Amino acid sequence: MTGSSDNGHANLFEVIVESATDFAIFTTDVNGDVTSWNIGATRLLGYAEPDILGHSADIIFTPEDRAADVPADERMRARRDGRAADDRWHQRQDGSQFWASGLLMPLANAADGFVKIARDRTENFEAVERLRENEERFRLLATSIPQLVFRTRPDGDRTWGSPQWVDFTGLDLEHSLGSGWMDAVHPEDRQMTRTGWEAARASGEYHVEHRIRRATDGAYRWHQTRARPVDPTKPETFDWVGTMTDIDNLRSLKDRQQVMMAELQHRTRNLLAVVQSIATQTIRTSPSVEDFGREFSGRLRSLSRVQSVLVSADHGDIDLRALVTAEIEAHAEHGVGAGKISIDGPAVALPAISAQAFGLALHELATNAVKYGAIAQPAGRLAVTWQVETADPPRVVLHWHESGVEMPPADAATRRGYGTELIERALPYQLRAETRLEFRPDGVFCAIAVPLATAEGERSDD
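Residues numbered from 1 in each chain as written. Predicted model: local features only at pLDDT ≥ 70, side-chain atom pairs only at ≥ 80, totals over all residues. Heavy atoms only, no water.

1. Describing the overall build of the protein
Using the following cut-off: Runs of H or I in DSSP of at least four residues are treated as helices and runs of E of at least two as strands, each being numbered from the N terminus. Throughout this description, buried means an accessible area under 20% of the type-specific maximum (1.4 Å probe, protein chains only), exposed means over 50%, and partly exposed covers the range between. Two residues form a contact once any of their heavy atoms are found within 4.5 Å. Using a 1.4 Å probe, the Shrake-Rupley method yields the accessible areas, and only the shown protein chains count as cover for residues.
When helices and strands are tallied, the protein shows 15 helices and 17 strands. A burial count over the protein gives 39% of its 462 residues as buried. The long-range fraction of contacts in the protein, counting pairs at least 24 apart against all pairs at least 6 apart in sequence, stands at 54%. Taken as a whole, the protein presents about 25,000 Å² of accessible surface, with 53% of it coming from carbon and sulfur.

2. Digging into the packing of aromatic side chains
Quick note on the threshold: Aromatic rings from Phe, Tyr and Trp, taking only the six-membered ring of Trp, are treated as a pair when their centres fall within 6.5 Å; an angle between ring planes under 30 degrees marks them as stacked, one over 60 as edge-to-face, and anything in between as tilted.
Per the stated rule, a full pass over the model turns up eight aromatic pairs. Ring centres of tryptophan 37 and tyrosine 47 lie 6.5 Å apart, and the angle between their planes is 85°; on these two criteria the pair is classed as edge-to-face. Of this pair, tryptophan 37 sits in strand E2 (residues 34-37) while tyrosine 47 sits in the loop between helix H2 (39-45) and helix H3 (49-52), placing them 10 residues apart in sequence. For tryptophan 37, a relative accessible area of 3% puts it in the buried group. Aromatic pair tryptophan 89 and tryptophan 99: ring centres 5.5 Å apart, planes at 85°, arrangement edge-to-face. Of this pair, tryptophan 89 sits in strand E3 (residues 84-91) while tryptophan 99 is found in strand E4 (residues 97-106), placing the two residues 10 residues apart along the sequence. On the basis of relative accessible area, tryptophan 99 is assigned to the buried category, the value being 17%.

3. Observations regarding empty space enclosed by the protein
Convention followed: Whether a set of points on the 1 Å grid over the protein atoms alone is a cavity depends on a 1.4 Å probe fitting there but being unable to get out, while an open set qualifies as a pocket with protein on both sides within 12 Å along at least five of seven lines; lining residues are those with an atom within 4 Å of a point. Grid points are joined across faces, edges and corners, and a volume is the space filled by probe spheres set on the points.
Counted under the stated rule, the structure contains one cavity of 30 Å³ or more. Approximately 90 Å³ is the volume attributed to the largest cavity. Residue lining of the largest cavity: Phe26, Thr28, Gly32, Ala57, Asp58, Phe61, Pro71, Glu74, Arg75, Leu104 and Lys116, and that is the complete set. Residue assignment for the lining of the largest cavity shows that the elements contributing at least two residues are strand E1 (24-28) and helix H5 (70-81). When residues in the lining of the largest cavity are grouped by element, the largest group, three residues, is from H5.

4. Here we look at the packing of helix H12 (residues 320-329) against helix H13 (residues 352-371)
How two helices pack is summed up by the angle between their axes together with the distance between the axes. Keep this limit in mind: Angles run from 0 to 180 degrees between N-to-C directions of axes, and those axes are lines fitted to C-alpha atoms, restricted for helices to the stretch in contact. Should the near helix be turned anticlockwise from the far one by less than a right angle, the crossing is left-handed, and should it be turned clockwise, the crossing is right-handed. When residues are grouped by polarity, Ala, Val, Leu, Ile, Met, Phe, Trp, Tyr, Cys and Pro land in nonpolar, Asp, Glu, Lys and Arg in charged, and all others, Gly among them, in polar.
Following both chains from N to C, one finds H12 and H13 inclined at 35°, their axes separated by 9 Å at the closest point. Crossing of H12 against H13: the hand is right-handed. Here Leu320, Leu323, Val324 and Glu327 of H12 come into contact with H13, specifically with Ala355, Phe358, Gly359, Leu362 and His363. The residue makeup of the contact of H12 with H13, split by class, is six nonpolar, two polar and one charged.

Below you can see the structure in the form of structure tokens.
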């Protein structure tokens, strides 16, 4: 009865072995020669049972492993430990290789040899290798770029941070894991940072600009943080990968650009208001269209010269000598000779807000001198001098003094035109200046006193 039972179990085992076609199952004697070979072994390794029986099973190992006595070492470990795991490359009859996951065990009677079970795990092995290689490439890239790179769970809990993150924030990897990295975020930006992750799970992308503390000086610098899921089809289950890019300088530049644009708009409105005022006053005081065209063109050129000086000074304080010289030299074509004009005064930084109106006043005086005064007449002389008076605030006092001039009839030189109104009314209103304009028998005299500090409540051009 026992013999019948044993035969039944043996037959059942043989059926199981032959049915396991996805597994190579075979036995060897103590020296490694094949004593049995199932269909799965034929399918996996290529050898038919009649061709392999009695031959060494070492042939399924790669030449390199056979040269290194790996098969013998495997049998030795199986005898010693009762089993020997075998995960390595194996070779088929046709010479092709595959990654096998195998196990060698002694038979119940160790003297009978061994049983080996192996399975083709090439696809799984290659997938693991690709993942490992991708991980290595990711780490190499992540540690080579200037951005702070991180991996995170879909809720924002960090699972890894690059060395750049550790260096920048001073938070080591252990303290950065989970939500610990939030310690480096500015307290005012933390709620926005957390809320961003809630929105990211729905949109599939994280995008936030927030301030991150720099370890070296404790300063918070603006960063743009972006992240996407490793597998976009499963954003709720897979890790996300992201970068944090320092945009602090860019934001400062953007803020400065906005300030500059606002300043440009303000200055443009002011300049247009000045042009409109010049046009209106010139029309009102011009007896003909020809006179208007000539006077308006000259005043616009003067305005342009002042703007050039302002641009050269980056709209800061203006050198008074440069302003006076530019206006005088603009009239050199009218016969200004050596010794005819003198300019003298200390270095004075005129506030930019005063330069425009001051330059137009100088133009009106120079134009009058070209038409009727010191520049037009051979015997005429012009002295432009200035000095600084100590006051609160300090002010510069400029004198325009013409001499040796045969003055024309009063109705031509002293009529109240645009220049007169500019000097006597506009300058006191716009610049809080004190002015005096006199048409003396031997030429025009004009005194203009302008504060050098912008007083509180100073009127703008608009």
